[in-house]
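Given next are the chains, with one letter for each unit.
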Amino acid sequence: MSGRGLTLTPEGVLVAYRHGVFPMADERSGEVLWFRPDPRAIIPLDGFHVSRSLARTLRRGRFEIRVDTDFEGVMRGCADRPEGTWISERFVEVYAALHETGHAHSVEAWRDGRLVGGTYGVALGGAFMAESMFHRETDASKVALAALVSRLQKRGFILLDVQYLTPHLESLGALEITRREYERRLERALGLPRAFV
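Every value quoted in this text rests on a predicted model; they were computed, and no experiment measured them. (Residues numbered from 1 in each chain as written. Predicted model: local features only at pLDDT ≥ 70, side-chain atom pairs only at ≥ 80, totals over all residues. Heavy atoms only, no water.)

## Examining the overall build of the protein chain
The line we're drawing: Counting from the N terminus, the helices are the DSSP runs of H or I reaching at least four residues and the strands are the DSSP runs of E reaching at least two. Here the radius of gyration uses the C-alpha set of atoms, whereas the globule reference equals 2.2 Å times the residue count to the power 0.38. For each residue, the accessible area found with a 1.4 Å probe, counting protein chains only, is set against the maximum for its type, and the residue is called buried under 20%, exposed over 50%, and partly exposed in between. Note on contacts: a residue pair qualifies if any of its non-hydrogen atoms lie within 4.5 Å across the two residues.
When helices and strands are tallied, the protein chain shows seven helices and nine strands. Relative to the compact-globule value of 16 Å for 197 residues, the protein chain shows a C-alpha radius of gyration of 16 Å, a close match. Projecting the C-alpha coordinates of the protein chain onto the three principal axes gives extents of approximately 50 × 35 × 30 Å. The buried share among the 197 residues of the protein chain stands at 48%. Contacts in the protein chain between residues far apart in sequence, at least 24 positions, make up 69% of those at least 6 positions apart.

So, in structure tokens, the structure goes:
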């Protein structure tokens, strides 16, 4: 499936994810583009890499982890980048609607009553499609991602999709697989009855 015929609606996004396709907005024109990359990046749930410094941060419990308490705040945190963002207002609306129906979720790092980091994405069956992450304090996004991985493991998820490999994600254990392998894993994951919350 290509992006042809897909629309940026809650229903359209779910159809896309089920076929290994995801949307991003062009930062300049605002046009919605649909992607199905080959290779595809994932974080194996048994392969998340916790560095010594991150392990120390986790042990100290510097951040309070919350789930789904400020979904839109996490999206807006992810969109707040000096270099620009693909997360348009329409994306915030659509994913907020997916959150309302129980498909989209956020894992948040809080400190002193302030949202200081987090990640969000969409859960379908035993797959979680992570969309973006942000931090306003050192290690806040990594702590949120570690909490996401832990939650997915405990709830029997088998696929954490991160779309594209970056040096940052690679340092956390992300790797690339072929599109064919990704779609094989996705099909298996979609058949699993799993609950994120």
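## A look at the packing of aromatic side chains
Defined as follows: Ring geometry is summarised as follows: Phe, Tyr and Trp rings, the Trp one being its six-membered ring, pair when their centres sit within 6.5 Å, and such pairs are stacked at plane angles under 30 degrees, edge-to-face over 60 and tilted between the two. Whether a charge lies above a ring is judged from NZ of Lys or CZ of Arg, which has to be within 6 Å of the ring centre and within 35 degrees of the ring normal.
Using the criterion set out here, one finds eight aromatic pairs in the structure. Between phenylalanine 22 and tyrosine 164, the aromatic rings sit 5.8 Å apart at their centres with planes inclined by 80°, giving edge-to-face as the arrangement. Of this pair, phenylalanine 22 sits in strand 1 (residues 22-25) while tyrosine 164 sits in the loop between strand 8 (159-163) and helix 6 (167-171), placing them 142 residues apart in sequence. Taken together through their ring pairs, the aromatic side chains of Phe71, Trp86, Phe91, Tyr95 and Tyr120 make up a single cluster. Note that arginine 40 overlies the ring of tyrosine 182, its terminal NZ or CZ placed 4.1 Å from the centroid. One cation-aromatic arrangement involves arginine 66 over tryptophan 110; the distance from NZ or CZ to the ring centre is 3.9 Å.

## Quick word on the pairing of strand 2 (residues 32-35)
When a strand is regular, its side chains alternate between the sheet's two faces. The following threshold applies: Two strands pair if DSSP finds at least two bridges between them.
Relative to strand 2, strand 1 is paired through four bridges, and the arrangement is antiparallel. Looking across to strand 2, one finds that methionine 24 is bridged to leucine 33. The antiparallel hairpin formed by strand 1 and strand 2 contains six residues in its connecting segment, where glycine 30 sits at a positive phi of about 80°.

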